[in-house]
Amino acid sequence: MPGAENIPADLLYSDTHEWLRIEGEEAVIGITGFAQDALGDITYVELPAVGDAFSIGQPFGSVESVKAASDLVAPANGTVVAVNDSLENSPELLNVSPYDEGWIARIALPGAPGGLMDAAAYEEFCAGEK
Amino acid sequence: MSELHTPLTQWHQAHGAKMAPFAGWLMPIQYEGILAEHKHTREHVSLFDICHMGEFRIQNPGADEALARAVSHNLATLAPGRCRYGFLLNAAGGVLDDCIIYRFGPDDFMIVVNAACAANDFAALRERLPESVSLRDISDATAKIDLQGPESVAVLEDALGENFHGLPYFAFRKTTFNGAPLLASRTGYTGELGFELYCPANKAETLWETLLADSRVKPAGLGARDTLRLEAGLPLYGHELDEKHSPAEAGMGRMLTSGADYVGKAGALAERENLVPLRIEGRRAARNGDAVVLPNGTEAGVVTSGSFAPSLECVIALAWVKAAHAGEENFIVRAARSDLPARRTTVPFYKNGTARNKL
């Protein structure tokens, strides 16, 4: 499973270990390989609802592993336009495919997101967290 | 902070285990992942490093009688070659520790205790046993490795070249491994057929690697040990057992058959609260410390352990509930992010365990 290595080059990253992929005026968000590795086997995902609006740094859902529960923290301001329903019955997708099949939500961006790291900066950030 | 190391700590680190402090020891929490290790234990066989637990030897004439007054175990019906689960109680009948006692002879025993309680247990036993009875802490010299899962008997037989089909549940046998003494007991903490193996600490790594050389065996960490024991409905000291609660409150009253006048006997059957097993549909877990209320909001108790149950695909929990409410069918667990409807169920939560299977 992806850990702190193999950080995709084309994404942006928050210091709370969420990733964001900009697609026009929308973005897809999820949690990083580092995050899923730290959490361990994920057993439950609380998804936001379509239409939920949140600001950067706000909790927009939560994930639970066998051992712990933690908030999902918004990496950008946005309004939810779609969620990955398959996580409800297959939360392990966050472990096995955090950057692809384990995407969490698609949000409409009110503007260009700020304060995020590129892959190189995030890799360095993860090294400091270990 | 510097934690104690077992004879296998380096092995775990070298083999990619996630390590964490537990009861003062640096222990493996998981290797491949808790869910995979849990499943492998239920379906095949796993190996657990349990060297952190404490072992004491109790010997000399008078040991039998004196020990029977120090612990709740009924020693009168414990034959040599058998072991029994029970409690070290405080004067009020609260649980100082849960422990297994092995009888080697008329006045010769081994007692296996929790790592976090070992120092207190030793002090309490020393105080309760007369000077003429020898009490020795053999924990450092003794390694404990648990082999657990339906295929454990086949693996053990292949590794030792010896038949273990004749060994009943809660019986043990002294044998040898690579010229060193090995005690194999048909016990465990997973709800599956399994063995707890005790050998000299300096043989731990050889025994560990010998058993792992069998392709059916994988190492498992304390994470899977916890989900396995919870599904089996087995208590964990500090969660379902503590000094404030009697064995009867934890559902162990029927086990208290000793005729001896042991410390704490008068309070051992008191029931102010009861441990209630709860089943919660869905995947959002109840956790230790979550409040438990009745559907009308009346405070009822607190969760002691809770987890997503990998073999049941729902959430299970144990909770201390006031005796007056313990008979209710429906409860609400006030979890950190949501209220969870919970229904009383029965233990073991997981009913297909192989622990007691006749071989």
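Residues numbered from 1 in each chain as written. Chains lettered and ligands numbered in written order. Predicted model: local features only at pLDDT ≥ 70, side-chain atom pairs only at ≥ 80, totals over all residues. Heavy atoms only, no water.

(A) Inspection of the overall build of chain B at higher detail. Of regular secondary structure, chain B possesses 7 helices and 19 strands. Projecting the C-alpha coordinates of chain B onto the three principal axes gives extents of approximately 65 × 50 × 45 Å. Looking at chain B as a whole, 58% of its 359 residues are labelled buried. For chain B, the exposed area adds up to about 14500 Å²; of that, 51% sits on carbon and sulfur atoms. Between the mean site of the 36 positive side-chain charges and the mean site of the 43 negative ones, chain B shows a separation of 4 Å. (Helix = DSSP H or I, 4+ residues; strand = E, 2+ residues; numbered from the N terminus. Buried < 20%, exposed > 50% of the residue type's maximum accessible area, 1.4 Å probe, protein only. Areas by Shrake-Rupley, 256 points an atom, 1.4 Å probe, with all protein chains shown as cover. Lys, Arg positive; Asp, Glu negative; His and termini not counted. Charge placed at Lys NZ, Arg CZ, Asp CG, Glu CD.)

(B) Broad picture of the interface of chain A and chain B. Counting from both sides, the interface comprises 19 residues of chain A and, opposite them, 16 residues of chain B. Buried surface at the junction of chain A and chain B, both sides included, amounts to about 1400 Å², of which 43% is carbon and sulfur. Counting every contact that joins chain A to chain B gives 6 salt bridges. The partner of Lys18 of chain B in a salt bridge is Asp37 of chain A, and the shortest N-O contact between them spans 4.0 Å. Connecting chain A to chain B are 13 residue pairs in polar contact (both at pLDDT 80 or more). Where the side of chain A that touches chain B is concerned, the elements lending two or more residues are α1 (33–39), β4 (42–46), β6 (59–65), β7 (69–73) and α2 (86–89) of chain A. Split by residue class, the side of chain A that touches chain B holds 6 nonpolar, 6 polar and 7 charged. (Contact = heavy atoms within 4.5 Å. Buried area = accessible area lost by both parts, 1.4 Å probe. Salt bridge = Lys/Arg side-chain N within 4 Å of Asp/Glu carboxyl O. Polar contact = N/O pair within 3.5 Å; in protein donor to acceptor, adjacent residues only side chain to side chain. Nonpolar A, V, L, I, M, F, W, Y, C, P; charged D, E, K, R; others polar.)

(C) Region of interest: the packing of aromatic side chains. Residue and element names in this part refer to chain B. The full count for this structure, using the stated rule, is 13 aromatic pairs over all chains. With 5.2 Å between their ring centres and 80° between their planes, Phe56 and Phe122 make a pair best called edge-to-face. With Phe56 in strand β4 (residues 54–59) and Phe122 in helix α4 (residues 118–128), the pair connects residues that are 66 residues apart, well separated along the chain. Exposure remark for Phe56: the relative accessible area of 0% places this residue in the buried category. On the accessibility criterion, Phe122 (24% relative accessible area) is partly exposed. Among the aromatic residues, those joined into a ring-pair cluster are Tyr102, Phe104, Phe172 and Tyr198. In this arrangement the basic side chain of Arg173 is found over the ring face of Phe164, its NZ or CZ atom lying 4.5 Å from the centre. We note Lys174 situated over the ring of Phe104; from NZ or CZ to the ring centre the distance is 3.6 Å. (Phe/Tyr/Trp six-rings, centres within 6.5 Å; stacked < 30°, edge-to-face > 60°. Lys NZ or Arg CZ within 6 Å of the ring centre and 35° of its normal.)

(D) How the structure looks around the domain arrangement of chain B. All names here are of chain B. When cut into domains, chain B gives domain 1 (9–53 + 140–231), domain 2 (55–118) and domain 3 (272–344). If you average the C-alpha positions of domain 1 and of domain 3, the two centres end up 31 Å apart. Opposite the 7 residues of domain 1 that make contact, domain 3 presents 9 residues. For the pair domain 1 and domain 3, the summed buried surface comes to about 660 Å²; carbon and sulfur atoms form 71% of the total. A per-residue breakdown of the area domain 1 buries against domain 3 is headed by Leu35, Leu230 and Glu231, which together make up 67% of the total. Counting across the interface, domain 1 meets domain 3 through 0 salt bridges. The tally of links between domain 1 and domain 3 comes to 4 residue pairs in polar contact (both at pLDDT 80 or more). For the side of domain 1 that touches domain 3, the secondary-structure elements that each account for two or more residues are α2 (34–43) and α7 (222–231). Top contributing element to the side of domain 1 that touches domain 3 by residue count: α7, with 4 residues. In the side of domain 1 that touches domain 3, the residues fall into 2 nonpolar, 2 polar and 3 charged. (Domains from an automatic or database assignment.)

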